[in-house]
Amino acid sequence: MSDDRTAERWGYTDFSVQKFSYSWTISNFGFLLQEIGEGIKSPTFSSGFSDNDKWCLKILANGIDEESKDYLSVHLTMLSCPKSPAWARFRFWIISVDGEKTNGMASPRFFKFTPKQHWGFKKFIHRDLLLFLESWLFPDNELTVFCEVDLVVQDSVINSGKSTVPGIQVPRYTLEDELGQLWENSLFTDCCLVVAGQEFQAHKAILAARSPVFRAMFEHDMEEKRIKRVEIQDLEPPVFKAMMDFIYTGKAPDLHSMADAVLAAADKYDLERLKVMCEDVLYMDLCVENAAHNLILAHRHSAGQLKTKTLDFITARASDVSETSSWKTMLVLHPQLLAEACSSLASTHSSLLGPPPKCLK
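Residues numbered from 1 in each chain as written. Predicted model: local features only at pLDDT ≥ 70, side-chain atom pairs only at ≥ 80, totals over all residues. Heavy atoms only, no water.

K.L.:
Before we move on, can you summarise the confidence of the model for the protein chain with the specific residues and values?
P.N.:
Confidence along the protein chain averages 81 in pLDDT terms, with 80% of residues attaining 70 or more. Within the protein chain, no element has a lower average pLDDT than helix α7 (residues 223-227), which sits at 62, and none a higher one than helix α9 (residues 259-268), at 94. Every residue in residues 160-164 is under pLDDT 50, and counting partners more than four places away or in other chains gives six contacts. Taken as a whole, residues 349-361 scores under 50 in pLDDT and shows 23 contacts with residues more than four places along the chain or in a different chain. (pLDDT = per-residue confidence, 0-100. Helix = DSSP H or I, 4+ residues; strand = E, 2+ residues; numbered from the N terminus. Contact = heavy atoms within 4.5 Å.)

K.L.:
Talk me through the sheet that holds strand β10 (residues 191-195); I want residue IDs and the actual numbers.
P.N.:
Here we have three strands laid out as an open sheet, ordered β11-β10-β12, and mixed in their pairing. In the strand order of this sheet, the two ends are held by β11 (198-202) and β12 (229-232), each with one partner. Between one strand axis and the next, the sheet turns through 25° on average, direction left out of account. Relative to β11, β10 is paired through five bridges, and the arrangement is antiparallel. Across the sheet, residue Leu193 finds its bridge partner in β11, namely Phe200. (Pairing = 2+ DSSP bridges. Axes fitted to C-alpha atoms, helices over the stretch in contact; angles between N-to-C directions.)

K.L.:
Account for the packing of aromatic side chains, naming residues and giving values.
P.N.:
Per the stated rule, a full pass over the model turns up 17 aromatic pairs. Ring geometry for Phe92 against Phe121: centres 6.1 Å apart, planes inclined by 85°, an arrangement best described as edge-to-face. Residue Phe92 is located in strand β5 (residues 86-95), and its partner Phe121 is located in strand β8 (residues 117-126); the two are separated by 29 residues in the primary sequence. Here Arg210 stacks its cationic end above the ring of Phe246, 5.0 Å away from the centre of that ring. (Phe/Tyr/Trp six-rings, centres within 6.5 Å; stacked < 30°, edge-to-face > 60°. Lys NZ or Arg CZ within 6 Å of the ring centre and 35° of its normal.)

K.L.:
Run through the nonpolar core, naming residues and quoting values.
P.N.:
Formed by 90 residues in total, the largest nonpolar core has its most connected members in Leu76, Phe92, Phe240 and Met243. In terms of residue count, the dominant contributor to this core is helix α8 (residues 237-249) (eight residues). In this structure Phe240 touches Trp183, Leu193, Val195, Phe200, Ile232 and Leu235, once residues within four positions along its chain are discounted. (Core = buried A, V, L, I, M, F, W, Y, C linked by side-chain atoms within 4.5 Å. Buried < 20%, exposed > 50% of the residue type's maximum accessible area, 1.4 Å probe, protein only.)

K.L.:
Got a sec to walk through the layout of surface pockets? Specific residues and values, please.
P.N.:
Of the voids in this model, the largest pocket is the one considered here, and its volume is about 560 Å³. For the largest pocket, the lining is made up of 26 residues, of which Trp93, Gly104, Tyr283, Lys309 and Asp312 are closest to its centre. Secondary structure elements with two or more residues in the lining of the largest pocket: β5, β6 (101-106), α10 (272-284), α12 (304-316) and α15 (335-353). It is α12 that provides the largest number of residues to the lining of the largest pocket, a total of eight residues. Classifying every residue of the lining of the largest pocket gives nine nonpolar, nine polar and eight charged. Taken as a whole, the second largest pocket holds about 480 Å³ of empty space. What lines the second largest pocket is a set of 21 residues, and nearest its centre among them are Met105, Phe121, Lys123, Leu286 and Cys287. (1 Å grid on protein atoms, 1.4 Å probe; cavity = no way out; pocket = protein on both sides within 12 Å on 5 of 7 lines; lining within 4 Å. Points joined across faces, edges and corners; volume = space filled by probe spheres on them. Nonpolar A, V, L, I, M, F, W, Y, C, P; charged D, E, K, R; others polar.)

K.L.:
With reference to specific residues and values, describe the pattern of salt bridges.
P.N.:
Think of it this way: side chains of opposite charge can pair up when their charged atoms draw near. This structure, assessed with the given rule, holds 14 salt bridges. A salt bridge links Lys123 to Glu67; the nearest nitrogen and oxygen atoms lie 3.9 Å apart. Of the two residues, Lys123 is situated in strand β8 and Glu67 in the loop between β3 (54-60) and β4 (71-80); the sequence distance between them amounts to 56 residues. With its nearest N and O atoms 3.2 Å apart, the salt bridge here joins Asp177 to Lys251. With Asp177 in helix α4 (residues 175-184) and Lys251 in the loop between α8 and α9, this residue pair connects regions lying 74 residues apart in the sequence. For Asp177, a relative accessible area of 27% puts it in the partly exposed group. Among the ionic contacts, a cluster of salt bridges with common partners joins Lys19, Arg89, Arg91, Glu148 and Asp150. (Salt bridge = Lys/Arg side-chain N within 4 Å of Asp/Glu carboxyl O.)

So, in structure tokens, the structure goes:
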């Protein structure tokens, strides 16, 4: 009997995220900032993952348009790449004389780079603030900018041999999909969650395993344990569904439109990983207009990482943030946060700049 086997070829594409960084020191920067005010480029550098990709940084001392003319603009430029286009997420900092990162700013997402294309921040730091911090940031008249990049790298493997026996293929891990189906299709449920009058069928074991708050409800002699019905009083259905999607699948829902509300839900039900996911999204979307609001939110829900980064952001852009409506609201409703912001501002600058600056009014 003949052994009939069919020749097969296969391919595999792997997307991985590689991290690289570049430190750029500029001498006589104070003179450049005050007297020349033009754009300058860094030396060309490579990611280190390929000898053929080339990048550079660019600083424009007077911004790029009328809106940003009073700011220092920073950009990351891809000069060439053999696997163009490339996708990258980037962060910029200024390095202080003590070697500490300060005035950090991160891109909110991955951006598509093609040769000669650049992305960055047109309002990275106000020129007046930079001159005010001159003795702290570059006492030797040297400014150091540090850039960190997450680069998406694509590798493809193609079988070019003539083997007629394919390897053993391990099925994809699907546990989160299968648990998600239990939730989406209300299969084998044993409790009911009521949100704004809407009923959602769920599974006590999964809820208890994922949330200490739900576990306490079902473990102790509470009404929820007896009647298997839980009233959710302070969540809207879309926020509740986002939280439940995470509970069942461990995957981050679309948070950008409701990260603040999901943060509150994650805090209430002790979902620490979801809470940190919300902190990350809120930090990526941080800007002058919402800085005070984010500080209030982080304080209210004990979001320590978001609070620290927001205070750093406010410290670097104090004059702009203090003009926003959310800052004025914070002064009235949360005066203790004003004290924390002033303390952060003072501790950052006082030891190197003489008397501490006045608190924001």
